Amino acid sequence: MAAPRRDTRGIVDAAELFAHVDFRRREPAEPLRPYLEHYWLIDWDLTRPYASHVVPHPSVNIVFQQYEDQEPFAEIAGIGLELFTRKLEGKGRVCGIQFRPGGFRPFFPDRSVSEWTGKRIVLPEADARTVLAPDDEDARVTALDTFLLGLAPLPDPRADLAMALVDRIRTDRTIRRVTDFARSEGMSVRVMQRLFAAYVGVGPKWVVLRYRIHEALERAETERAVDWAGLAADLGYADQAHLVRDFTATVGVPPTAYVRHGTP
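Residues numbered from 1 in each chain as written. Predicted model: local features only at pLDDT ≥ 70, side-chain atom pairs only at ≥ 80, totals over all residues. Heavy atoms only, no water.

Visitor: Report on the overall build of the protein chain, specifying residues and quantitative values.
Guide: A tally of helices and strands in the protein chain yields 10 helices and eight strands. In terms of C-alpha radius of gyration, the protein chain reaches 19 Å, essentially the compact-globule figure of 18 Å for 264 residues. By principal-axis analysis of the C-alpha atoms, the protein chain measures approximately 50 × 45 × 30 Å. When the accessible area of the protein chain is evaluated, it comes to approximately 12700 Å², of which 51% is carbon and sulfur surface. Separation between the mean location of the 35 positive side-chain charges and that of the 38 negative ones in the protein chain comes to 6 Å. (Helix = DSSP H or I, 4+ residues; strand = E, 2+ residues; numbered from the N terminus. Rg over C-alpha atoms; globule rule 2.2 N^0.38 Å. Areas by Shrake-Rupley, 256 points an atom, 1.4 Å probe, with all protein chains shown as cover. Lys, Arg positive; Asp, Glu negative; His and termini not counted. Charge placed at Lys NZ, Arg CZ, Asp CG, Glu CD.)

Structure follows, in C-alpha cells:
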C-alpha cells in the first residue's frame with residue numbers, strides 16, 4: 001500500500017517535527033476510504049523531550065498510543081478547538097485514524113458529532129496492543145483496517161452531504177460567507193448549521209476560518225516573504241489585521257514572528 005503525498009497542513013513547524021519523529025501517512029482499505037482522510041503513524045526515540053504543535057483539522061480522530069512506561073490505550077479525539085500540543089519524550093508510538101469531516105458519524109451513529117468536540121475519551125473496547133505491537137508497518141495498517149471494518153459503518157446520505165460540503169469549503173476559496181454558501185446549496189443557514197453540528201462537530205463558519213488559518217500557516221512554512229495583505233485578501237479577510245488576529249489567536253504568535261522563529 002503506497003503512502004499518500006505528504007501534506008503538512010495544520011502542522012506547526014513541520015520541518016522540526018519531521019526532524020524529531022518518523023511521521024508517515026497511509027491509506028486505509030478501499031471500503032473505508034469514503035470516510036477517512038488517512039491513517040497517520042508516528043514513532044520516536046528521543047534523547048531529550050520535544051513538544052509538537054498542531055492546529056487541528058475539523059476532523060475527529062481515533063488515536064492508538066504507546067508512551068514509555070505506560071500501557072497502550074486508544075481514545076476518540078473530538079475536533080480540537082485550540083492549538084494542540086503534545087510533549088514527546090523517550091520512546092513511543094502512535095497510530096491515528098483521521099476521519100474526513102462528516103465521516104465519523106457512520107461509525108458511531110447514536111451521537112451527534114458535536115458531543116465529542118473538544119473532548120478526548122478513552123475507548124476501552126479497542127485493543128490498542130494489537131494495533132501498536134507489530135514492528136511491521138503494514139501489519140499495523142491492517143490492524144487499523146480490521147478495527148474499523150469491525151465497527152460496520154452504516155450508509156448515511158446526510159454524512160455524504162456533510163463530507164461534500166466541507167470538501168467544497170476546503171477547495172473553493174470563493175466561499176467566505178455562510179449565508180451565501182447555504183443559499184448556493186439550496187438550504188437555510190439554520191439547516192446547514194444543524195447538519196454540521198450533527199455530522200461534522202463544528203459550525204460551517206468555524207470550518208471556513210480554520211481552513212483559512214491552515215492555508216496561512218502553510219504559506220508561512222513555505223515562503224519567507226509572505227505578502228500578508230495580499231494573502232488576507234485572497235482568503236476573504238476584510239483586511240490584514242483580521243488575518244493577523246485569527247492567526248495569533250490560533251497559533252500563539254503573530255504570523256511575522258512565526259516566520260522568523262517557527263514554533264510558539
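Visitor: Can you break down the packing of helix 4 (residues 157-171) against helix 7 (residues 204-222) residue by residue, with the values?
Guide: Closest axis-to-axis distance for the helix 4/helix 7 pair is 9 Å, and the angle between their directions is 35 degrees. Crossing of helix 4 against helix 7: the hand is right-handed. The segment helix 4 lies against helix 7, with V166, I169 and R170 engaging P204, V207, V208 and Y211. Residues that form the contact of helix 4 with helix 7 fall into these classes: six nonpolar, no polar and one charged. (Axes fitted to C-alpha atoms, helices over the stretch in contact; angles between N-to-C directions. Left-handed = near helix turned anticlockwise from the far one by under 90°. Contact = heavy atoms within 4.5 Å. Nonpolar A, V, L, I, M, F, W, Y, C, P; charged D, E, K, R; others polar.)

Visitor: Break down the packing of aromatic side chains for me, with residues and values.
Guide: Counted under the stated rule, the structure contains 11 aromatic pairs. Three or more aromatic residues joined by ring pairs form one cluster here, namely Y35, F99, F104, F107, F108 and W116. When the ring centre of W116 is taken as origin, the NZ or CZ atom of R111, which lies over that ring, is 4.0 Å away. (Phe/Tyr/Trp six-rings, centres within 6.5 Å; stacked < 30°, edge-to-face > 60°. Lys NZ or Arg CZ within 6 Å of the ring centre and 35° of its normal.)

Visitor: Pulling in residues and values, what's your account of the confidence of the model for the protein chain?
Guide: On average, residues of the protein chain score 91 in pLDDT, and 95% of them reach the 70 mark or higher. Mean pLDDT across the elements of the protein chain ranges from a minimum in helix 10 (residues 255-261), with 71, to a maximum in helix 6 (residues 189-199), with 98. For the stretch residues 1-5, pLDDT sits under 50, and the model shows nine contacts to residues farther than four places along the chain or on other chains. (pLDDT = per-residue confidence, 0-100.)

Visitor: Can you lay out unusual backbone geometry for me, pointing to particular residues and giving the numbers?
Guide: Phi at D13 is positive, roughly 55 degrees, even though this residue is not glycine. A relative accessible area of 17% places D13 in the buried class. Notably, A152 is not glycine yet its phi reads approximately 50 degrees, a positive angle. Examined against the element boundaries, A152 turns out to sit in the loop between helix 3 (137-150) and helix 4. (Buried < 20%, exposed > 50% of the residue type's maximum accessible area, 1.4 Å probe, protein only.)

Visitor: Break down the nonpolar core for me, with residues and values.
Guide: Across soluble globular proteins, nonpolar side chains show a tendency to be buried alongside one another. Among the nonpolar cores identified, the biggest contains 51 residues, and I62, F64, I97, F104 and L148 are the most heavily contacted of them. Top contributing element to this core by residue count: helix 4, with six residues. I97 has contacts with L36, H38, Y39, W40, V60, N61, I62, F64, L144, F147 and L148, leaving out every residue within four places of it along the chain. (Core = buried A, V, L, I, M, F, W, Y, C linked by side-chain atoms within 4.5 Å.)

Visitor: Tell me about helix 6, and please be specific about residues and values.
Guide: For helix 6, the set of buried residues is M192, L195, F196, A198 and Y199. Angularly, the buried residues of helix 6 cover 170 degrees about the axis, an arc narrow enough to put them on a single face. Where the residues of helix 6 are buried, they touch helix 4, helix 5 (178-184) and helix 7. G201 sits one or two residues past helix 6 and shows a positive phi near 110 degrees. (Arc of directions from axis to C-beta.)

Visitor: An account of the sheet that holds strand 1 (residues 22-26) is requested, with residue identities and associated values reported.
Guide: The strand order across the open sheet formed by six strands is 1-2-7-4-5-8, and the pairing between neighbours is antiparallel. Because the sheet does not close on itself, it has two edges, and the strands there are strand 1 and strand 8 (120-122). Averaged over all pairs of adjacent strands, the angle between strand axes in this sheet comes to 20 degrees, irrespective of strand direction. Of the strand pairs in this sheet, strand 1 and strand 2 (residues 36-45) are connected by five bridges, and their pairing is antiparallel. In the strand pairing of strand 2, R24 is matched with L41. Where helix 3 meets the sheet, it contacts strand 1, strand 2, strand 4 (61-67) and strand 7 (91-99), and its direction lies at approximately 135 degrees from that of strand 2. (Pairing = 2+ DSSP bridges.)

Visitor: So what's going on with the environment of P101? Which residues, and what values?
Guide: Relative to the assigned elements, P101 resides in the loop between strand 7 and strand 8. When residues no more than four places from it in sequence are discounted, the contact partners of P101 are E37, P58, S59, A162, M163, V166, V200 and Y211.

Visitor: Please set out the environment of F23 residue by residue, giving values where relevant.
Guide: The topology assignment puts F23 in strand 1. Along the sequence, F23 and E221 sit 198 residues apart, while their C-alpha atoms lie 17 Å from each other.

Visitor: Which residues make up the pattern of salt bridges, and what values do they have?
Guide: One pass over the structure, following the stated rule, counts 23 salt bridges. The salt bridge involving E115 is made with R111; its shortest N-O contact spans 3.2 Å. Under the relative-accessibility criterion, R111 is labelled partly exposed at 30%. For D180, the salt bridge goes to R177, with nearest N and O atoms at 3.6 Å. (Salt bridge = Lys/Arg side-chain N within 4 Å of Asp/Glu carboxyl O.)

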